[in-house]
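In case you want the letters, here they are:
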Amino acid sequence: MANFKYSALADWLREQIASGRFASGDRLPTEQELGHRFDLSRDTVRKGLAAMEEEGLIYKVRGSGTFVREAAQTPQASNSRRVGVMMNDVDNYIFPTIVRGISGVLDEAGYTLSIQITSNQISKERAILEDFASGDYAGLIIEPTRAALPPVNYDMYERLSQIKPAVLIHAKIPTLPLTSVTMGDERAGYKLTSWLLSQGLRNVCIFCKFDEQTGTQRYLGYAHAYQDAGLPIPDGNIFWVPGDRMLEPFDEPVLPHVLEAITCCEAVICHDDRLALKVRRFMSAHDIPAKLVCGFDNSDLAREYHIPSASHPKEKLGEEAARRLLEKIKNPGADLSYDFDPEINLNGYDN
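This is a predicted model, so every value here is computed, not measured.

Undergrad: What am I meant to see in the pairing of strand β3 (residues 82-87) here?
TA: A regular strand carries its side chains on alternate faces of the sheet. Within β3, five of the six residues are buried, leaving the element largely enclosed by the surrounding structure. Relative to strand β5 (residues 139-142), β3 runs parallel, the two being bridged by four bridges. Bridge assignment links V85 to a residue of β5, and that residue is I141.

Undergrad: I tried to follow helix α1 (residues 6-19) on my own but got confused; where do I start?
TA: Helical periodicity: at 3.6 residues per turn, an α-helix aligns residues three or four positions apart in one direction. End to end, α1 covers 20 Å across 14 residues, agreeing with the expected 20 Å (1.5 Å per residue, within 8%). Looking one or two places after α1, you find G20, whose phi comes out positive at around 90°.

Undergrad: Where do I start with the packing of aromatic side chains in this structure?
TA: For the coordinates displayed, the defined rule picks out ten aromatic pairs. Ring geometry for F207 against F239: centres 4.7 Å apart, planes inclined by 10°, an arrangement best described as stacked. Placement of the pair is F207 in strand β8 (residues 204-209) and F239 in strand β9 (residues 238-241), with a sequence separation of 32 residues. Taking relative accessible area as the criterion, F207 reaches 0% and is therefore assigned buried. Classification of F239 as buried rests on a relative accessible area of 8%.

About the thresholds
- Residues numbered from 1 in each chain as written.
- Predicted model: local features only at pLDDT ≥ 70, side-chain atom pairs only at ≥ 80, totals over all residues.
- Heavy atoms only, no water.
- Buried < 20%, exposed > 50% of the residue type's maximum accessible area, 1.4 Å probe, protein only.
- Helix = DSSP H or I, 4+ residues; strand = E, 2+ residues; numbered from the N terminus.
- Pairing = 2+ DSSP bridges.
- Expected span 1.5 Å × (residues − 1).
- Phe/Tyr/Trp six-rings, centres within 6.5 Å; stacked < 30°, edge-to-face > 60°.

Now the structure itself:
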């Protein structure tokens, strides 16, 4: 029994679930009970349970234990030629370009699009997901709403993962078998921060959306760049803003701690190019000494105003999501997730 490793524990649990010994909704023995039964350390038990959780067979409830998930179904093929697309917004920033990429690939394959917008509202997201679940759709491309917050509509995503081929963009749900396509946000934050540090700048502020995975992942890249450079993370320079009020920190009157940070820092990383431009204009209006302001997305704004910016693939992201959905329609069980590797575009900046 000493050689009974975590993979063997996972195999045993699979057999118990397949045989019905542990049915959907049943609570599994505790980590301590499993460790005692098979003479395993708690760390080994946790590795076995983690493997099962990644497969979507079990889930944990804090303070209650680990439970058997409802048996997964394989999404069924459909004769429909319609694809549902859910986006948070379709303003004139980068979203129309993403939709153009999706449309180009799916039009060529003979599919039509049904585009629905959540306006970043959880209740609208749920209504759209319910329509997707009950409607005649061959597949789905979904931008989750407020994806960095606790997943209120997790049950709908779980249901869709079982009945419809689906691809997420700009976010991931690691506990569900849903393909995702992202711009590589953590890598983007890391590269942008590392470049600033390489310029000798140490006091760098960052403004991120707290309710979107794009924001939390960019922050993670920022923090890791400081750590890898052997520098302390400047906690006082980290600012979190809600996605639908991202520009508010620089609306008058500006909070004193924001003004102090912007005045004292050597560089500013903004969640996107729109905020970067607003920060630059704010500094100019308040006679704050010029400093390096960076953004994300490498939009037309970044190129017009010479803002260093991490690239967003835009149309290519839409195309990639559409191609992977077409593959999911043919092979629903395939995991085709993909993260782009962003570049830093200086856009005429000269140090």
